[in-house]
Amino acid sequence: MDVRKTADDISITAGDTSIIQGGNRFIACLFFIELYIDYMVNWLYNKLIIDHMVSEIDRREGAGNVNAIEIRNLTKYYGKSRGIIGVSMDVREGEIFGFIGPNGAGKSTTIRTLLSFIFPSGGSAKIFGMDCFRDSEKIKMDIGYLPAEVNYYDDMKVKDLLRYSAKFYRKDCSKRIKELSDIFELDLNKRIDSLSFGNKKKVAIIQSLLHEPRLLLLDEPTGGLDPLMQNKFFEVLREENKRGVTIFFSSHVLSEVQKLCDRVAIIKEGKILRIGEVDELAGDKFKKIKIEFANDETFELPGMVNVQTKDKTMEFLFSGKVDILIKSLAGVKVENLWIEEPSLEEVFMHYYRSEDRN
Amino acid sequence: MALFLRELSRNFKSFIIWTLILIISNIGLMMMYPMIAEQAGEYNELMKKLPKEMLKGLSMDKLNFAQILDFFAYVFLYIILFGCVYAILLATSIISKEESEKTVEFLMAKPVTRNTIVTAKTLCVFFYITVFNVVFTVADYLAFEALKKSGYDINIFLLMHLGFFLIMITFAAIGLLVSVFIVKAKSIYPVAFGIVLGAFFINITAAISDKLENLKYLTPFKYINPSDIVSSGRIEGVYIIIMAAVTLVSVALTYVFYNRKDICV
């Protein structure tokens, strides 16, 4: 296309055919405007709609794939002493994930590595698909952390600390602070160093929630809270979870994990023993059996663990089929029989003991 | 920015206390000048009878107490000593306190990089040392104007205060670096005092003994020794280079090590 423009005339030719010629400037102008608009619309369409659609597809596909937390072979030694060894686990977005183990098993070490307080000796950790060490600052915008031990600046009042905390997220959190402090009945005007242990914990809870994080890392969160406050806290956690917040809940108290969590990982001496659904770990696999015999009998079947014999009664966890158990009991005289769902505690003790034997 | 402002308010009280104490001590000591100047002849005679080594060690050998700058140089050395203690305490505690009081767990869970933390804290130290020196110099100038018996060289006066500023910055930078490694409040204060007092005594030793003269390169107190400035009218270039180098290297290493450090609380 060839466009020629003189002082008072304009002509457009494509090859030999002339499209617009002569003094019809009005039509020429319209033609240009049309071309221009066409170009702009195309550009806008490409730029905005298609780009947006592509990124939307990316995001949706990503959301399915990205776990909230992805830990691979994470190992940490403090000098020669063990922290954690080869820890691997995935926490899905939107779930409440329990992390159980006795004191010193490596729960806090794992959480501190996720927060890049400490650097691993080996392995990798990702949160929302981002590297915990390289992208730490970005990740932390979306994390609420509740430490096991609460230590705050002794020259601050509760509200000073919460405001200071909010400043880091460049967000106005005053409404959320008000809400949460009402729920937990916390006086914002008190000095932090005058607070009791439980009240300090409340400050920490509010502090971890006020910026509406997508992931909560809770390290032994219920220590120091009375049962009433614990319940309120769990309610708040469930509500947060309903909004899509992922919760990583570390604890040595099994009942609370059982109450709250979808899945759990069990850690001992720095190594993950098992990861699974809470119900599966607790119930489906094991039955708690107690038999009272009429005489001094002994009894053995594959699938019996944690056997405890006392006088004529025998107690154990059984992972085989109940039918087989009943049938094999037919040969002996049974005074009494209990079949119960074991508590997570009992299953947990079993995992620990069997690990010891190995 | 939030962190920087927080550090300013957190260290404000100690800043006020140290500034007041040092200014008051300085003015208090300077008030003795009129009395000493009147009897300067006798003092100078008396000085001549004292062992030369001692005078050298305390940098009093070249001083003429009739001159206000000379008298000030004698007093100022001790003010500098305490100023350096303030500088190093400020710097060592600003990073280590977060860890010794375990508040670092709060701070590190926020979306800030470790570089941001070190920068905010370093800037706070720099800010307070600068403000301290400006306030101190102005107060000292007023004291000079009130107490002087004859004119004095204002350039030398300013040079001495510049030296004070430089040595405080140097010790602060060393303090920042040290506090990355030593975090327990119990151990950090002895170390901080030890560094400053150690440097001070090296200064005395280097002045007394000819054999140990080269020790002078080890101590910033020699670099900006007030009586040397009064007699030579300048701070030697090599000393300024050493102080600048020590400061830059210390601060740079603070960043490097703090970024690699495991924060265990």
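As a convention, each chain's residues are numbered from 1 in the sequence order in which they are written. For naming, the first written chain is A and the first written ligand is 1, with later ones following in the order written. Since the coordinates come from a predicted model, pLDDT governs what is reported: local features require at least 70, and pairs of side-chain atoms require 80 or more to be given and counted, while whole-chain, interface and lining totals use all residues. Think of the side-chain values as coming from all heavy atoms in the structure, minus any hydrogens and water.

1. Observations regarding the overall build of chain A
Right, on to step 1. The helix count covers DSSP runs of H or I at least four residues long, the strand count covers runs of E at least two residues long, and both are numbered beginning at the N terminus. For chain A, the count of helices and strands is 11 helices and 17 strands.
Right, on to step 2. It only takes one pair of heavy atoms within 4.5 Å for two residues to be counted as in contact. Taking the contacts inside chain A whose residues are at least 6 apart along the sequence as the reference set, 64% of them involve residues at least 24 apart.
Right, on to step 3. For the area figures, the Shrake-Rupley method with a 1.4 Å probe applies, and any residue is considered shielded solely by the protein chains shown. If you sum the accessible surface of chain A, you get close to 19100 Å²; carbon and sulfur atoms cover 50% of it.

2. A look at the interface of chain A and chain B
Right, on to step 1. Listed per partner, the contact involves 26 residues of chain A and 25 residues of chain B.
Right, on to step 2. Using a 1.4 Å probe, buried area is obtained as the accessible area two parts lose upon being combined, added over both of them. Of the roughly 2500 Å² buried at the junction of chain A and chain B (both faces included), carbon and sulfur atoms supply 57%.
Right, on to step 3. In terms of surface lost to chain B, no three residues of chain A exceed F117, Y153 and F168 of chain A, which account for 28% of the buried area on that side.
Right, on to step 4. Note on definitions: salt bridges are taken to be side-chain nitrogens of Lys or Arg within 4 Å of carboxyl oxygens of Asp or Glu. Our enumeration of links across chain A and chain B arrives at four salt bridges.
Right, on to step 5. Think of a polar contact as two N or O atoms within 3.5 Å of one another; within protein, one of them needs to be a possible hydrogen donor and the other a possible acceptor, and neighboring residues in sequence only count if both atoms come from side chains. Connecting chain A to chain B are 13 residue pairs in polar contact (both at pLDDT 80 or more).
Right, on to step 6. Every element with two or more residues in the side of chain A that touches chain B is listed here: β4 (69–78), α3 (136–140) and α4 (158–167) of chain A.
Right, on to step 7. It is α4 of chain A that contributes the most residues to the side of chain A that touches chain B, four residues altogether.

3. Some details on the nonpolar core
Right, on to step 1. If you look at the biggest cluster of nonpolar residues, it comprises 159 residues, and the most contacted ones within it are I69 and L217 of chain A together with F221 of chain B.
Right, on to step 2. Among the elements that line this core, the one with the most residues is helix α6 (residues 68–100) of chain B, at 21 residues.
Right, on to step 3. Excluding its chain neighbours within four sequence positions, the residues that come into contact with L217 of chain A are I69, I111, L114, L115, I143, G144, Y145, L146 and F248 of chain A.
Right, on to step 4. Only buried residues count toward a nonpolar core. Its members are Ala, Val, Leu, Ile, Met, Phe, Trp, Tyr and Cys residues joined through side-chain atoms within 4.5 Å. Whether a residue is buried, partly exposed or exposed follows from its accessible area with a 1.4 Å probe, protein chains only, as a fraction of its type maximum: under 20%, in between, or over 50%, in that order. Residues I289, M304, M314 and F316 of chain A belong to the second largest nonpolar core, which totals 11 residues.

4. Observations concerning the sheet that holds strand β6 (residues 96–100) of chain A
All names here are of chain A.
Right, on to step 1. Taking strand neighbours across the sheet as the criterion, the six strands line up as β9-β10-β11-β6-β12-β13 in an open arrangement whose pairing is mixed. Each having just a single partner strand, β9 (143–146) and β13 (271–277) make up the two edges of the open sheet. Taken pair by pair, the neighbouring strands of this sheet meet at an average axis angle of 15°, ignoring direction.
Right, on to step 2. Note that β9 and strand β10 (residues 215–219) share four bridges and pair parallel. Note that in β10 the partner of L146 across the bridge is L218.
Right, on to step 3. Fitting a line to C-alpha atoms yields each axis, with helices limited to the stretch in contact; the angle taken between N-to-C directions then spans 0 to 180 degrees. Each of β6, β9, β10 and β11 (246–251) touches helix α7 (residues 227–242); the most contacted strand, β11, lies at about 145° to it. Strand pairing is defined by DSSP finding a minimum of two bridges between the two strands.

5. A few points about the environment of F181 of chain B
Residue and element names in this part refer to chain B.
Right, on to step 1. Within the secondary structure, F181 sits in helix α9 (residues 154–181).
Right, on to step 2. What makes F181 exposed here is its relative accessible area of 52%.
Right, on to step 3. Taking the C-alpha atoms as reference points, F181 and K261, 80 residues apart in sequence, are found 8.9 Å from one another.

6. Some thoughts on the pattern of salt bridges
All names here are of chain A.
Right, on to step 1. All told, the structure shown has 24 salt bridges over all chains when counted by the stated rule.
Right, on to step 2. Here E340 and K288 are joined by a salt bridge, their closest N and O atoms 3.4 Å apart. Within this pair, whereas E340 is found in strand β17 (residues 334–340), its partner K288 is found in strand β14 (residues 287–293), the two being separated by 52 residues in sequence.
Right, on to step 3. Note on K288: relative accessible area 18%, which makes it buried.

7. So, unusual backbone geometry
Right, on to step 1. The residue F128 of chain A is not glycine, and still its phi comes out positive at about 50°.
Right, on to step 2. Its location among the elements puts F128 of chain A in the loop between β7 (122–127) and β8 (130–131).

8. Section: a nonpolar patch on the surface
Residues and elements named next belong to chain B.
Right, on to step 1. Nonpolar side chains collect at one region of the surface, where V134, V138, Y141, L142, I154 and L158 lie side by side and expose about 520 Å² of accessible area between them.
Right, on to step 2. For the nonpolar patch, the leading source of residues is helix α8 (residues 114–147), giving four residues.
Right, on to step 3. Here I154 lies in helix α9. Only residues above 30% relative accessible area that lack a salt bridge enter a patch, with like-charged residues linked at up to 9 Å and the nonpolar side chains Val, Leu, Ile, Met, Phe, Trp and Tyr linked at up to 5 Å.

9. Focus on the packing of helix α2 (residues 12–30) of chain B against α6 of chain B
Geometrically, a packed helix pair is captured by the angle between its two axes and the distance between the axes.
Residues and elements named next belong to chain B.
Right, on to step 1. Look at α2 against α6: their axes get within 10 Å of each other, and the N-to-C directions meet at 165°. As far as their axial angle goes, α6 and α2 are roughly antiparallel. As α2 runs across α6, the sense of the crossing is right-handed. Within the contact between the two elements, α2 uses S14, F15, W18, L22, S25, N26, L29 and M30 and α6 uses I68, F71, F72, V75, I79, F82, G83, V85, Y86 and L89. Comment on the angle field: the value is read as roughly parallel under 35 degrees, roughly antiparallel over 145, roughly perpendicular from 65 to 115, and oblique elsewhere. We call a crossing left-handed when the near helix sits turned anticlockwise from the far one by less than a right angle, and right-handed when that turn is clockwise.

10. Structural notes on the packing of helix α1 (residues 2–10) of chain B against α8 of chain B
All names here are of chain B.
Right, on to step 1. Where α1 meets α8, the axes come as close as 9 Å, and the angle between the chain directions of the two elements is 40°. Relative to α8, the element α1 lies oblique. Read as a crossing pair, α1 and α8 show a hand that is right-handed. Between α1, through L3, F4, E7 and L8, and α8, the contact on the second element is made entirely by T116, I117, A120, K121, L123, C124, F127 and Y128.
Right, on to step 2. Residue composition of the contact of α1 with α8, grouped by class: nine nonpolar, one polar and two charged. Ten residue types, Ala, Val, Leu, Ile, Met, Phe, Trp, Tyr, Cys and Pro, are classed as nonpolar, four, Asp, Glu, Lys and Arg, as charged, and the remainder, Gly among them, as polar.

11. Comments concerning the pairing of strand β15 (residues 304–310) of chain A
Right, on to step 1. Taken together, the five bridges between β15 of chain A and strand β16 (residues 313–318) of chain A define a ladder with antiparallel strand orientation. In the sheet register, M304 of chain A faces β16 of chain A, and the bridge partner there is F318 of chain A.

12. So, the layout of surface pockets
Residues and elements named next belong to chain B.
Right, on to step 1. Grid points spaced at 1 Å over the protein atoms alone were grouped into cavities, where a 1.4 Å probe fits but cannot get out, and pockets, open sets with protein on both sides within 12 Å along at least five of seven lines, with lining residues defined by an atom within 4 Å of a point. Grid points are joined across faces, edges and corners, and a volume is the space filled by probe spheres set on the points. The space that makes up the largest pocket amounts to roughly 380 Å³.
Right, on to step 2. R10, N11, K13, S14 and K97 are the residues nearest the centre of the largest pocket, which is lined by 16 residues in total.
Right, on to step 3. Where the lining of the largest pocket is concerned, the elements lending two or more residues are α1, α2 and α6.
Right, on to step 4. Ranked by residue count, the leading element in the lining of the largest pocket is α6, at five residues.
Right, on to step 5. Its residues placed into classes, the lining of the largest pocket shows six nonpolar, four polar and six charged.

13. Focus on empty space enclosed by the protein
Right, on to step 1. A complete count under the given rule lists two cavities of 30 Å³ or more for this structure.
Right, on to step 2. Each pocket or cavity is described by its volume, and for the largest cavity that value is around 60 Å³.
Right, on to step 3. As for the largest cavity, its lining consists of Y145, P147, E149, N151, Y152 and Q207 of chain A together with K102, E105, F106 and A109 of chain B.
Right, on to step 4. Its boundaries defined by the atoms lining it, the second largest cavity holds a volume of some 30 Å³.

14. Observations concerning the packing of aromatic side chains
Right, on to step 1. Aromatic contacts are taken between Phe, Tyr and Trp rings whose centres are within 6.5 Å, Trp giving its six-membered ring; a plane angle under 30 degrees counts as stacked, one over 60 as edge-to-face, and the others as tilted. A complete count under the given rule lists 39 aromatic pairs over all chains for this structure.
Right, on to step 2. Each ring, one from F15 of chain B and one from Y128 of chain B, has its centre 4.6 Å from the other, and the planes form 25°; the classification is stacked. Of this pair, F15 of chain B sits in helix α2 while Y128 of chain B sits in helix α8, and the two are 113 residues apart along the sequence.
Right, on to step 3. With relative accessibility at 7%, the residue F15 of chain B sits in the buried group.
Right, on to step 4. Two limits define a charge over a ring: the Lys NZ or Arg CZ must be within 6 Å of the ring centre, and within 35 degrees of the ring normal. Seen from the ring of F128 of chain A, R214 of chain A lies directly overhead, with NZ or CZ sitting 3.9 Å from the centre.
Right, on to step 5. The ring of W338 of chain A carries the charged tip of K290 of chain A above its face, separated from the ring centre by 4.7 Å.

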